[in-house]
Amino acid sequence: MADSNTIRLRVFSLNCWGIRYLSKHCRERYAMIGELLSREEHDIVLLQEVWSEKDFLCLKRKLSSTHPHSHYFKSGVIGSGMATFSRHRIHDAFLYRYSLNGYPYMAHHGDWFGGKAVGMVILNIGRLAAHVYVTHLHAEYCREKDSYLPHRVVQAWELQQFIRHTSSGADLVILAGDLNLHPQDLGNRLLRTYTGLRDSYTETAKFDGCEDGITLISDNPFINPKELCPFEKGIRIDYILYKGSGRVSIQCESLSTTKGSVPDHPFPYSDHEALSKLAELVDIVTEARTEVKVGLYCAERMRYTAARTGVMGMALLLLELAIAAVPWLALRADQPFPRASFYLLGVLCFAILITTFLLYIFYSMEVKALQGAEDQMRLAVGTSRIQIK
């Protein structure tokens, strides 16, 4: 990228797939990534899925001479997984955690435990103030029946709001990360339309990488091709987006991606590839509101189910207490009391009550978050229509 003063900036982004003890060849791949970054000397490095702080510290030591400034964003149970390395001094850093991020009982997906968020660092590059953002949105596990779509739309909405409200004084804005969004997905269109961010792949003068810029390719040995159906070659879900300001013009001179295999190594860096109009706006937000409303309906229905199950558990507990009181009230106190059955049923009732109570709280929080996002979108639509008139 270069502005009118021909300052060139090299930006690197990669989802490292760094789950210790679970991701294949994790330690070896981190060593390969460190070697690549030391050799290429990018100005800014934005990483996702660096789940272990020990791995971050290892990279930090390895890159201390080429990228002396770094920041690790901590969030959630196991962290946000996001890290930034820079040749330029980091003057400030901030993390915003998304209000919705999957469900804790979907432990096999793990997104809820990761604390998905957007991290921001502020750099001074020469006389330019650069606001650099890194993020990782909720994964899409089934495109046909995507139960997480409302959450991802809300995350994209909060992401664009965060960028708009924190980048007003920036000369340069860069957003990179694993958005888990296809180029024409609703969340992607919402993000780019509202922020004015430009896609490096579509804007670049020179591209060197996988066909159609895909970053999750079927030829990657860490990828199960069945998970990419119906996209046989792969999908593009990792991005570097950017924009300038009123006094700074930005152009993307070139964009390159890794292509699966790494020379002299038996496996790639990761399962992902690395990345070295107003009326339309109303339509996009209206579409987003529709998806959020669908999610809101589902959340309210699940909250009602939890409440009803809790009431049934309470009724069962009261019935059990009433049955237990009968021998004490009866004249024939010599009748044996089934203590084992009583305790077992009591434990079951309490388990139902506690579980439904926690689920009711969680779904209430989800309902509030979806309602808040829908209210903001409705306000944005109304404002846009007034401007059109």
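Cut-off values and rules
- Residues numbered from 1 in each chain as written.
- Predicted model: local features only at pLDDT ≥ 70, side-chain atom pairs only at ≥ 80, totals over all residues.
- Heavy atoms only, no water.
- Pairing = 2+ DSSP bridges.
- Helix = DSSP H or I, 4+ residues; strand = E, 2+ residues; numbered from the N terminus.
- Axes fitted to C-alpha atoms, helices over the stretch in contact; angles between N-to-C directions.
- Buried < 20%, exposed > 50% of the residue type's maximum accessible area, 1.4 Å probe, protein only.
- UniProt positions renumbered as here; feature names shortened; annotations may be inferred.
- Parallel < 35°, antiparallel > 145°, perpendicular 65-115°, else oblique.
- Left-handed = near helix turned anticlockwise from the far one by under 90°.
- Contact = heavy atoms within 4.5 Å.
- Nonpolar A, V, L, I, M, F, W, Y, C, P; charged D, E, K, R; others polar.
- Patch = residues over 30% accessible without salt bridge, like charges linked within 9 Å, V, L, I, M, F, W, Y side chains within 5 Å.
- Areas by Shrake-Rupley, 256 points an atom, 1.4 Å probe, with all protein chains shown as cover.
- Salt bridge = Lys/Arg side-chain N within 4 Å of Asp/Glu carboxyl O.
- Polar contact = N/O pair within 3.5 Å; in protein donor to acceptor, adjacent residues only side chain to side chain.

Participant: How would you summarise the sheet that holds strand E2 (residues 44-50) if you had to cite specific residues and measurements?
Facilitator: Taken in spatial order, the 4 strands make up an open sheet running E1-E2-E4-E3, and their pairing is mixed. The open sheet has two edge strands with one neighbour each: strand E1 (11-18) and strand E3 (69-73). Sheet twist, expressed as the mean angle between neighbouring strand axes with direction ignored, is 15°. Sheet topology places E1 next to E2; 6 bridges connect them, and they run parallel.

Participant: Describe unusual backbone geometry, naming the residues involved and giving the relevant values.
Facilitator: In most cases, non-glycine residues show a negative phi, while peptide bonds are predominantly trans. The step from Cys229 to Pro230 runs through a cis peptide bond, and the omega angle for that step is 5°. By the element assignment, Pro230 lies in the loop between strand E11 (216-217) and strand E12 (234-235). The residue Trp17 is not glycine, and still its phi comes out positive at about 50°. A relative accessible area of 16% places Trp17 in the buried class. Backbone geometry places His25, a non-glycine residue, at a positive phi of 50°. Here His25 lies in the loop between E1 and helix H1 (26-40).

Participant: A description of helix H5 (residues 186-195) should follow, citing residues and the corresponding values.
Facilitator: Note: α-helices contain 3.6 residues per turn, so residues at a spacing of three or four share the same orientation. By the criterion of burial, H5 is predominantly enclosed, with 8 of the 10 residues buried. The positive-phi residue at the C-terminal boundary of H5 is Gly196, with phi of around 80°.

Participant: Explain the UniProt feature "transmembrane region" (unreviewed entry) in the chain to me, and be specific about the residues and the numbers.
Facilitator: Following the UniProt record, the feature "transmembrane region" (unreviewed entry) maps to residues 311-330 and 342-363 here. Taken as a whole, residues 342-363 contains 100% helix and 0% strand, while its terminal C-alpha atoms sit 31 Å from one another.

Participant: Give me the packing of helix H4 (residues 149-166) against H5: which residues, what numbers.
Facilitator: Packed helices, taken two at a time, are described by the angle their axes make and the gap between the axes. Interaxial distance between H4 and H5 falls to 9 Å at its minimum, and their mutual angle equals 15°. As far as their axial angle goes, H5 and H4 are roughly parallel. Judged by the twist between their axes, the crossing of H4 over H5 is right-handed. Together, Val153, Ala156, Trp157, Leu159, Gln160, Ile163 and Arg164 of H4 and Leu186, Gly187, Leu190, Leu191, Tyr194 and Thr195 of H5 make up the contact between the two elements. Here the residues of the contact of H4 with H5 sort into 9 nonpolar, 3 polar and 1 charged.

Participant: Break down a nonpolar patch on the surface for me, citing the residues and quoting the values.
Facilitator: There is a patch of nonpolar side chains on the surface, built from Phe350, Ile354, Phe357, Leu358, Ile361 and Met365 and spanning about 640 Å² of accessible area. The topology assignment puts Phe357 in helix H8 (residues 339-388). For Phe357, a relative accessible area of 53% puts it in the exposed group.

Participant: Account for the sheet that holds strand E9 (residues 198-199), with residues named and values stated.
Facilitator: Strand pairing in a sheet relies on backbone hydrogen bonds, with the paired strands running either antiparallel or parallel. One open sheet accounts for 6 strands, arranged E5-E6-E7-E8-E13-E9; its pairing is mixed. Edge positions in the sheet fall to strand E5 (90-97) and E9, since each has one partner strand and no second. Where E9 lies against strand E13 (residues 238-243), 2 bridges are found, and the strand directions are antiparallel. By the bridge assignment for E13, Arg198 is matched with Tyr242. Contacts between H4 and the sheet are confined to E5, strand E6 (117-125), strand E7 (128-136) and strand E8 (172-178), with E7 contributing the most and set at about 165° to the helix.

Participant: Summarise the side chain of His136; cite the residues concerned and give the values.
Facilitator: Among the structural elements, His136 can be located in strand E7. At 3.2 Å, the side chain of His136 and the side chain of Asp178 are in polar contact. Residue contacts for His136: discarding those within four places in its chain leaves Asn15, Gln48, Glu49, Met82, Tyr98, Lys116, Ala117, Asp178 and Asn180.

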